[in-house]
Amino acid sequence: MNKQYTITTLGSHSALQILKGAHDESFKTLVVALKKHVSFYQRFSFIDEIISVNAFSEFPEIEKKLKDKKIIVIPHGSFVAYLGMEGNKKMTLSYFGNKKVLDFEFDRVKQGEWLKKSGINTPKEFKNINDVEFPVIIKSYGAAGGKGYFLVNNQKDFINKIKLFRNKKFVIQQYIIGVPLYIHYFYSPLTKTLEILSMDRRYETNVDALGRILFNVDPSYVVVGNSPLVLRESMLPEAYEMGEKVVKKSQELINRQGLFGPFCLETIITPDQKFYVIEISARIVAGTNLFIEGSPYADLLYNEPMSTGRRIAREIKNSIKENRLKEILD
Amino acid sequence: MNKQYTITTLGSHSALQILKGAHDESFKTLVVALKKHVSFYQRFSFIDEIISVNAFSEFPEIEKKLKDKKIIVIPHGSFVAYLGMEGNKKMTLSYFGNKKVLDFEFDRVKQGEWLKKSGINTPKEFKNINDVEFPVIIKSYGAAGGKGYFLVNNQKDFINKIKLFRNKKFVIQQYIIGVPLYIHYFYSPLTKTLEILSMDRRYETNVDALGRILFNVDPSYVVVGNSPLVLRESMLPEAYEMGEKVVKKSQELINRQGLFGPFCLETIITPDQKFYVIEISARIVAGTNLFIEGSPYADLLYNEPMSTGRRIAREIKNSIKENRLKEILD
Amino acid sequence: MNKQYTITTLGSHSALQILKGAHDESFKTLVVALKKHVSFYQRFSFIDEIISVNAFSEFPEIEKKLKDKKIIVIPHGSFVAYLGMEGNKKMTLSYFGNKKVLDFEFDRVKQGEWLKKSGINTPKEFKNINDVEFPVIIKSYGAAGGKGYFLVNNQKDFINKIKLFRNKKFVIQQYIIGVPLYIHYFYSPLTKTLEILSMDRRYETNVDALGRILFNVDPSYVVVGNSPLVLRESMLPEAYEMGEKVVKKSQELINRQGLFGPFCLETIITPDQKFYVIEISARIVAGTNLFIEGSPYADLLYNEPMSTGRRIAREIKNSIKENRLKEILD
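Residues numbered from 1 in each chain as written. Chains lettered and ligands numbered in written order. Predicted model: local features only at pLDDT ≥ 70, side-chain atom pairs only at ≥ 80, totals over all residues. Heavy atoms only, no water.

Draft legend 1. Highlighting the interface of chain B and chain A. Taken together, the contact pairs 39 residues of chain B with 38 residues of chain A. Regarding the contact of chain B and chain A, the summed buried area is about 3400 Å², with carbon and sulfur atoms giving 63% of it. In this structure, R212 of chain B and E204 of chain A form a salt bridge, with 2.8 Å as the shortest nitrogen-oxygen distance. For the pair chain B and chain A, the interface holds 13 residue pairs in polar contact (both at pLDDT 80 or more). Broken down by element, the side of chain B that touches chain A gets its largest block of residues, 7 residues, from strand β11 (residues 221–228) of chain B. Of the residues belonging to the side of chain B that touches chain A, the class tally is 18 nonpolar, 14 polar and 7 charged. The sheet contact formed by strand β13 (residues 230–231) of chain A and β11 of chain B spans 2 bridges and is antiparallel. Looking across to β11 of chain B, one finds that L231 of chain A is bridged to G225 of chain B. (Contact = heavy atoms within 4.5 Å. Buried area = accessible area lost by both parts, 1.4 Å probe. Salt bridge = Lys/Arg side-chain N within 4 Å of Asp/Glu carboxyl O. Polar contact = N/O pair within 3.5 Å; in protein donor to acceptor, adjacent residues only side chain to side chain. Helix = DSSP H or I, 4+ residues; strand = E, 2+ residues; numbered from the N terminus. Nonpolar A, V, L, I, M, F, W, Y, C, P; charged D, E, K, R; others polar. Pairing = 2+ DSSP bridges.)

Draft legend 2. Expanded view of the sheet that holds strand β2 (residues 28–34) of chain B. Residues and elements named next belong to chain B. A sheet is described by the order of its strands in space; here 5 strands give the open sequence β3-β2-β1-β4-β5, paired in parallel fashion. Only two strands of the sheet have a single partner each, and these edge strands are β3 (49–53) and β5 (94–95). Pairing of strand β1 (residues 6–10) with β2, which is carried by 5 bridges, proceeds in the parallel orientation. Following the sheet pairing, L10 is matched in β2 by V32. Against the sheet, helix α4 (residues 77–90) touches β1, β4 (71–73) and β5, its axis set at about 105° to β1. (Axes fitted to C-alpha atoms, helices over the stretch in contact; angles between N-to-C directions.)

Draft legend 3. Examining the packing of aromatic side chains more closely. If you walk through the whole model with that rule in mind, you get 33 aromatic pairs over all chains. Measuring from ring centre to ring centre gives 5.8 Å for F134 of chain B and F158 of chain B, while their planes differ by 75°; the resulting arrangement is edge-to-face. Note that F134 of chain B is positioned in the loop between α6 (108–117) and β6 (136–140) and F158 of chain B in helix α7 (residues 155–162), a separation of 24 residues in sequence. When its relative accessible area of 1% is taken as the criterion, F158 of chain B is described as buried. Summarising the aromatic geometry, the rings of F40 of chain C and F44 of chain C are spaced 5.4 Å apart at their centres and angled 75° between planes, so their arrangement reads as edge-to-face. By the burial criterion, F40 of chain C is buried, and F44 of chain C matches it. Members of the aromatic cluster, joined through ring pairs, are F40, Y41, F44 and F46 of chain A together with Y240 of chain C. If you follow K99 of chain A out to its NZ or CZ, it ends over the ring of Y95 of chain A, 5.1 Å from the centre. (Phe/Tyr/Trp six-rings, centres within 6.5 Å; stacked < 30°, edge-to-face > 60°. Buried < 20%, exposed > 50% of the residue type's maximum accessible area, 1.4 Å probe, protein only. Lys NZ or Arg CZ within 6 Å of the ring centre and 35° of its normal.)

Draft legend 4. Geometry of the sheet that holds strand β8 (residues 170–174) of chain B. Residues and elements named next belong to chain B. Spatially, 3 strands are ordered β7-β6-β8 in an open sheet, and the strand pairing comes out antiparallel. Whereas interior strands pair on both sides, the edge strands pair on one side only; in this sheet they are β7 (149–152) and β8. With strand direction ignored, the average angle separating the axes of adjacent strands in the sheet is 20°. Note that β6 and β7 share 4 bridges and pair antiparallel.

Draft legend 5. Representation of the relation of the copies chain B and chain A within the structure. For the pair chain B and chain A, the best superposition has an RMSD of 0.0 Å and corresponds to a rotation of 120° with a translation of 0.0 Å parallel to the axis. When the rotation and shift are considered jointly, the pair of chain copies conforms to a three-fold rotation axis. Minimal C-alpha distance to the rotation axis in chain B is attained by G211 of chain B, lying at 2.3 Å. The two copies present different faces, since only 13% of the interface residues in chain B are matched by interface residues at the equivalent positions in chain A. (Least-squares fit on C-alpha atoms with pLDDT ≥ 70 in both.)

Draft legend 6. Spotlight on the interface of chain A and chain C. Counting residues at the interface gives 39 residues for chain A and 38 residues for chain C. Here chain A and chain C share an interface that buries about 3400 Å² over both sides, 63% of which is from carbon and sulfur atoms. Broken down residue by residue, the surface that chain A buries against chain C is led by R43, Y203 and R212 of chain A, which jointly contribute 24%. Linking chain A to chain C there are 3 salt bridges. Taken together, chain A and chain C are joined by 13 residue pairs in polar contact (both at pLDDT 80 or more). The biggest single contributor to the side of chain A that touches chain C is strand β12 (residues 221–228) of chain A, with 7 residues. By residue class, the composition of the side of chain A that touches chain C is 18 nonpolar, 14 polar and 7 charged.

Draft legend 7. Expanded view of the confidence of the model for chain A. On average, residues of chain A score 94 in pLDDT, and 98% of them are at 70 or above. Model confidence for the complex is summarised by a pTM of 0.97, with the ipTM given as 0.96. (pLDDT = per-residue confidence, 0-100.)

Draft legend 8. Region of the structure containing the nonpolar core. If you look at the biggest cluster of nonpolar residues, it comprises 219 residues, and the most contacted ones within it are I316 of chain A, I316 of chain B together with I316 of chain C. Leaving out residues up to four positions away in the same chain, I316 of chain A has contacts with I7, F27, I72, I74, F96, L325 and I328 of chain A. In terms of nonpolar packing, the next biggest core, distinct from the first, is built from 30 residues, I213 of chain A, Y175 of chain B together with I137 and Y221 of chain C among them. (Core = buried A, V, L, I, M, F, W, Y, C linked by side-chain atoms within 4.5 Å.)

Draft legend 9. Region of interest: the relation of the copies chain A and chain C. For the pair chain A and chain C, the superposition axis carries a translation of 0.0 Å, the fit reaches an RMSD of 0.0 Å, and the rotation angle comes to 120°. When you check the interface residues of chain A against chain C, a mere 13% turn up at the interface there too, and the two sides of the contact use different surfaces.

Draft legend 10. Spatial organisation of helix α4 (residues 77–90) of chain C. Residues and elements named next belong to chain C. Along its 14 residues, α4 runs just 17 Å from first to last C-alpha, ending more than 12% under the 20 Å computed at 1.5 Å per residue. At L83, α4 is bent by approximately 105°, the largest bend along its length. Among the residues of α4, S78, F79, V80, L83 and N88 are the ones counted as buried. Here the buried face of α4 lies against β1 (6–10), α3 (59–66), β4 (71–73), β5 (94–95) and α5 (101–106). (Expected span 1.5 Å × (residues − 1). Bend = angle between axes of the 7 residues up to and from the residue.)

Draft legend 11. Examining the pairing of β1 of chain C more closely. Residues and elements named next belong to chain C. Burial of β1 is extensive: 5 of the 5 residues sit out of reach of the surface. Both faces of β1 are covered, namely the face carrying T6, T8 and L10 and the face carrying I7 and T9. Between the parallel pair β1 and strand β2 (residues 28–34), the chain is carried across by helix α1 (residues 15–24), and the sense of this crossover is right-handed. Looking at chain direction, β1 and β4 are connected through 3 bridges and run parallel. Bridging from a neighbouring strand, I7 pairs with I72 of β4. (Right-handed = clockwise from strand over helix to strand, strands pointing away.)

Draft legend 12. Geometry of unusual backbone geometry. Omega for the bond connecting F134 of chain A with P135 of chain A falls within 30 degrees of zero, at -5°, which places this linkage in the cis form. As for its position among the elements, P135 of chain A is in the loop between β6 (125–126) and β7 (136–140). Geometrically, the link from T205 of chain C to N206 of chain C is a cis peptide bond, its omega value of 5° lying close to zero. Inspection of the secondary structure assignment puts N206 of chain C in strand β10 (residues 193–206). Notably, K192 of chain A is not glycine yet its phi reads approximately 55°, a positive angle. Along the chain, K192 of chain A falls in the loop between β10 (179–188) and β11 (193–206). Residue classification places K192 of chain A among the exposed positions, given a relative accessible area of 61%. The residue Q273 of chain B is not glycine, and still its phi comes out positive at about 60°.

Draft legend 13. Structural context of α6 of chain B. Residues and elements named next belong to chain B. Every buried residue belonging to α6 is among R108, Q111, G112, W114 and L115, and all of these are buried. Projection of α6 onto a plane perpendicular to its axis shows the buried side chains occupying an angular sector of 160°, all on one side. If you check the start of α6, you find a side-chain oxygen 2.8 Å away from the backbone N of V109, and it comes from D107. The first or second residue beyond α6 is G119, which carries a positive phi of 85°. (Arc of directions from axis to C-beta.)

Draft legend 14. Seen up close, the environment of T8 of chain A. Residue and element names in this part refer to chain A. Inspection of the secondary structure puts T8 in strand β1 (residues 6–10). Spatially, the C-alpha atoms of T8 and F27 are 10.0 Å apart, while their sequence positions differ by 19 residues. Residues in contact with T8, not counting those within four places in the same chain, are L30, V32, I71, I72, V73 and I74.

Right, dumping it as structure tokens:
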């Protein structure tokens, strides 16, 4: 039955995980890949079909060719980066997830309100430059993959850095001193339950090398990989609660469906064991790529290897069985 | 046969791993959880029963209710933290492990002697403040989870920090410059063999973030998670030997049974590839939570996923089969 | 059929992984271990036979005893360290791999040419001390396991450090500021395809502790372990290409067979997401020990647990089936 449907995504970010998961749940799989990456995606036997493009911006043309197939598109971090928010919204193929969440995710003010109103702990934001309490991190709107972040600890440095943002939108956020933890959630609209499937920390260049270097180097926060982590069990109930609060608030703030499927809370944990949520990603994050064959957290919930990619396919499979597919597509 | 017995623990630390392991070995499972965490533990299908308490200090009352069941309690790091050493000793339910080890673990002087007499390498300890060779780390007695540690590198700093310990017991330990490695052992009293099941390093806030920050911040050592590691194979024989020495010495120093079941040596490895053992935990440690479905080391020993939690249940199962259950309970 | 052959290696580095992999592929297994490590290797049931020696330099004598068995030797990082390049070349037992690659790996000048001619990105090397652009890293020839490396950032420091290299061969390499990533490849001469099986970063003492320490300490780079990583998917095609370029160039530069079997590119990734290859290891590296039961990358390629050690045994098994064993032995 699943074989009638083809799970599709862009060839980047977490495409391998998504398509392997789809294959393991008996779907057909199709990747839209850059011409130069076609031979790369051909290496993997779980990919049934590859459509090549010169640039991901050609996606709307591809859509036309695919409209007679039963396609389900799984969005990931590269979708907004390459198609833009409008490109995502205009997509005519079936899209796993709730597109209305995009407005709240990509407007930093709306995202901040969503998180704050959820009742979870977030860093202070400073609107007025004179109110700033150092250290702060300046983030440009649309900064992705860790680019466009600047950590500053004094007025002089601040004045220099802020010049880089001339004519750009940005937020000034309190810099929380503590260790990062990225929590990978999955909310099922079918069963109305939340699962934590895995956790990671990002591997950022060059900032994750600075501790090894004796001389001063300007830090940058470009994400090039991920490494695995587990959290103290006594803090795990709170990690679950945070996820549930964010889902619940989205159902009030955005629309009845709210946020569902995979999402990630990006947290900093301070020495008093407090979580600060610095950002939400309302989709699968690349840190889940560590856990193709399961994670310590997924292993507590499933008796088989369960990646986030496979969990998405499982949700689609379950919704087909229950004749509720429409509820999870947009 | 195992189904006659119920494996029980407090809902914290490594309870999920312990109970999943027990379930995988066909035991019934019961968790004693804080009221606010009941809904959290209900998420996991391998937990058969949940008893809720307002505080873990109510445990003695719970014990009375459970005395007619065939309960086996598995202690973990939260047991001493919440019940105190006396609370552990007074427990009337069957307790996996040797309670006499507690005296040697929680008295820092006795622990230091145990380790030193075992013939393993330990940091110097300074009794007289005037003898101190910097850097040193000051640790309060009963410091747990990384709280109550201070690293100092000069006389002035030392004098300031030591004031925080007024009226408290503490030790002054040589600070070993090197990388941390936590080795997770299991000693089987049934087969008299030692196994290394996994390894980790702790994830500590904020000290594991300091390398990413350009300005000065006071370090703290609060453990909030763990990340996986493997050790150079040429050093693995020594890791095994250290574990065996500690077990053997415990049988002379403590009592005939000595230390058995899971334990952890917390080591620092210096650039000359020398291990310094800075602490022993005579029970399951939270770093094992990384390895719910096995680790590189367990995979060398078992042809099935073997966590430390499951290994405990396996030992109990084997002792039931051999009619030797009494030997491993206290 | 495989049972006619015995897979053999020295007891160190990645022997456990290699021999477990061989056992899983139905070969007999034999380890040549130091006398003091015999009891250690006896712990593992997948090792069929242990031959003890007082020093690995006795290997040539052991060879004579083994010549009537059908032995296949799998080299690893300890082979050159203990037998020397000449010792490897003189080995009379069947040796998995191409010994001619050794000349290009262990001469730093030849290795540098190989990498550069492959068309991959490498750090600058400075022949003339006056040309040096700081920071640089000075590496002695034959430096292994991270010993004999010095990072210097100014003329004064440079002059001091260079004295340590008097009468020794060394290279002066541009120090690339970024995060390290070690990529574990396997090239099959049977199918002429390249696989990425896993990735890691090294765990080095004391340099990986310096970020946790507030005072100045001289860095050292001694490898004592490894921790797992995944790479951003958008950079994975390039990781594959780099591996293919190095293999292809080796077939032109070294001989028709070129580099095959397991190898590792040791890279630094800079904030502009550029790889710099700082070294090649033309054999199994210890970072693969993390992945005894598979890795996120192996799991994309195989539906069963596939370590690099097992992959080697699989290649030998396939070559026996196809009657092409001679092609992969030297």
